[in-house]
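# Per-entry structural report
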Amino acid sequence: MNYRGEPLDLIPTLDLAQTYPLLECTLSLMHPIDVKRLTAAVKTTQTVVPQVLSRYNLRRNRFEEQPASIDHVITEYSASHDPGRGRLDVLQGPQLKIQVIHYADYDQLRLIMSRLLTDGEGFKHYLYLLAAAYDGQDLADFVNERSVRRILNYLRHPHRPIPQMADTPVVEGFPQLRGDVHSHKGEALIPRVESRRLQQRARQQGVTMNAVLLSAYALSLFSLTGERQLVIPYQVDLRLQGPVAATNVVQVANLTSEMPVPIMVQEGDTLQDVVVRTQETISQLRDSLAYLAPLVEINRMSRALPPEIVRRLAGKHREQALVSFANFGHVDHTRLKFGDTRVTQIYFAGTYRAMPSFQLTVSAYHEAWTLAFRMLGSEPDYQLGIKILKNVVAQLNQWDHGK
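What you see is a predicted model, and the numbers here were worked out from it, not measured in a lab.

### As for the pairing of strand β7 (residues 107-114)
The buried fraction of β7 amounts to eight of the eight residues, a majority that puts the element mostly inside the structure. Neither face of β7 is exposed, since D107, L109, L111 and M113 on one face and Q108, R110, I112 and S114 on the opposite face are all buried. Sheet analysis places strand β2 (residues 22-29) next to β7, joined by seven bridges and oriented antiparallel. Residue pairing in the sheet places C25 in a bridge with L111 of β7.

The structure is reproduced here in structure tokens:
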């Protein structure tokens, strides 16, 4: 059976040569997980999200069922043979891969999911669904809402004019560093106490944590690369524009748009200086619906043109940002229980990007934040990525203490 893709599913396919469209999530469990029960849970989620075990047909923008694909979803490893990088070919196999890494008295799960099927928030929706299925909850009444049409119709109300698509200057990325290319990953944890203080200070300053994190990222990039004028994509979750009230509806879908945020860093700037300017810019862009134009255009073209033509036309007007940022937001620990096995830590990351392309991701669990990156690059590239993480944390700590 085939399942038609939505127009917004085309967006992650616009630059497959530069970035392979995957999302990654790592969970640490207090105890070992029942792999047979986990396999059954994946099968159960297929009744709500049938595309999860399908291959993606790039030419037709649709998901096609494959026989016995569940056999290729879950693989087990010992801690000493952890492959590290999750490999998933969304054009040939299922849209989900789960690695179970067995330690002495606990397990770690690494889930890799197709960005063609969902976005960061949708990934969390699927995790909640998987946990519910693992716990034996009846999913017969659950529905997956993938269409963006209702949200676009609301945003295109007559009193909301559609903004014009703006040409954004392309910002240079990092210098290409020499060395053998390998897979690298990096994480930095901001504990619960510190994150609470940061959120409290943000509320006092009248700014969002997204503006704070984005500004700290920009300052870190400036200190390491000397780049003063940055344009970093800012993600907008369209679910917030048309919230679903029903508790049996999940949205495992591509419902996130982006708007490029220009950030200027001047000599002697503190994080507080940059945060104020960044918040003003974000507020202006959101008020003008700057994230809407590309979605409306792709939705319009998809009605009359085949996916390959839409992809080519849309790609001409979309500059792929070499430096990017993604906030996966907070993970609801009350909805993420696998039987009696508690999740002690969870964080998200994007796909492995080849330097000089670099993405910083942020996610929160039990109010503690994890900053992360995935990278294909040399050892010097990896060291640069670690410096970025440490610098961002240092910037946040200084801002937390009023400096």
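Still to come is the rest of the account.
### Describing unusual backbone geometry
Residue P356 is reached from M355 by a cis peptide bond, and omega for that bond is 20 degrees. Even without glycine at this site, N61 takes up a positive phi of about 50 degrees. Its place among the elements puts N61 in the loop between β3 (54-57) and β4 (62-65). You will see that H366, though not glycine, has its phi angle at about 55 degrees, which is positive. Checked against the element boundaries, H366 lands in the loop between β17 (358-365) and β18 (368-377). Assessed through its relative accessible area of 25%, H366 is described here as partly exposed.

### Re the packing of helix α7 (residues 293-302) against helix α8 (residues 307-316)
Interaxial distance between α7 and α8 falls to 10 Å at its minimum, and their mutual angle equals 155 degrees. When the interaxial angle is binned, α7 and α8 end up roughly antiparallel. Relative to α8, α7 is oriented so that their crossing is right-handed. Contacts between α7 and α8 involve I298, M301 and S302 from the former and V310, L313 and A314 from the latter.

### Some words on the nonpolar core
Counting residues in each nonpolar core, the largest one holds 122 residues, and the members touching the most others are V42, I98, Y217, L336, F338 and I346. The biggest single contributor to this core is helix α5 (residues 209-225), with 11 residues. Discounting residues that sit within four places of it in the chain, I346 has contacts with C25, T26, L27, L127, V331, L336, S363 and Y365.

### Describing the packing of aromatic side chains
This structure, assessed with the given rule, holds eight aromatic pairs. Considering the side-chain rings of F123 and F348, the 5.5 Å spacing of their centres and the 75 degrees angle between planes classify their relative orientation as edge-to-face. Placement of the pair is F123 in helix α2 (residues 120-134) and F348 in strand β15 (residues 341-350), with a sequence separation of 225 residues. A relative accessible area of 0% places F123 in the buried class. Judged by centre distance (5.3 Å) and plane angle (45 degrees), the rings of F358 and F373 are tilted. Highlighted residues: F358 in strand β17 and F373 in strand β18, separated in sequence by 15 residues. Among the aromatic residues, those joined into a cluster by ring pairs are F123, F328 and F348. Here the basic side chain of R85 rests over the ring of Y352, its NZ or CZ set 5.3 Å away from the ring centre.

### What about the sheet that holds β4?
Strand order in the open sheet formed by three strands is β1-β4-β3, with antiparallel pairing between adjacent strands. The open sheet terminates on both sides in strands that have one partner only, identified here as β1 (2-4) and β3. Across this sheet, the average inter-strand angle for adjacent strands is 25 degrees, counted without regard to direction. Note: β1 against β4, three bridges, orientation antiparallel. Bridge assignment links Y3 to a residue of β4, and that residue is F63.

### Topic: the packing of helix α4 (residues 192-205) against helix α9 (residues 379-400)
Where α4 contacts α9, the axes come no closer than 10 Å and their chain directions differ by 60 degrees. Classified by the interaxial angle, the pair formed by α4 and α9 is oblique. At the point where α4 passes α9, the crossing takes the left-handed sense. For the pair α4 and α9, the contacting residues are E194, R197, L198, R201, A202 and Q205 in the first and L396, W399 and D400 in the second. The residue inventory of the contact of α4 with α9, partitioned by class, reads four nonpolar, one polar and four charged.

What counts, and where the lines are drawn
- Residues numbered from 1 in each chain as written.
- Predicted model: local features only at pLDDT ≥ 70, side-chain atom pairs only at ≥ 80, totals over all residues.
- Heavy atoms only, no water.
- Buried < 20%, exposed > 50% of the residue type's maximum accessible area, 1.4 Å probe, protein only.
- Helix = DSSP H or I, 4+ residues; strand = E, 2+ residues; numbered from the N terminus.
- Pairing = 2+ DSSP bridges.
- Axes fitted to C-alpha atoms, helices over the stretch in contact; angles between N-to-C directions.
- Parallel < 35°, antiparallel > 145°, perpendicular 65-115°, else oblique.
- Left-handed = near helix turned anticlockwise from the far one by under 90°.
- Contact = heavy atoms within 4.5 Å.
- Core = buried A, V, L, I, M, F, W, Y, C linked by side-chain atoms within 4.5 Å.
- Phe/Tyr/Trp six-rings, centres within 6.5 Å; stacked < 30°, edge-to-face > 60°.
- Lys NZ or Arg CZ within 6 Å of the ring centre and 35° of its normal.
- Nonpolar A, V, L, I, M, F, W, Y, C, P; charged D, E, K, R; others polar.

Such coordinate-based values are descriptive only and should not be taken to indicate function.
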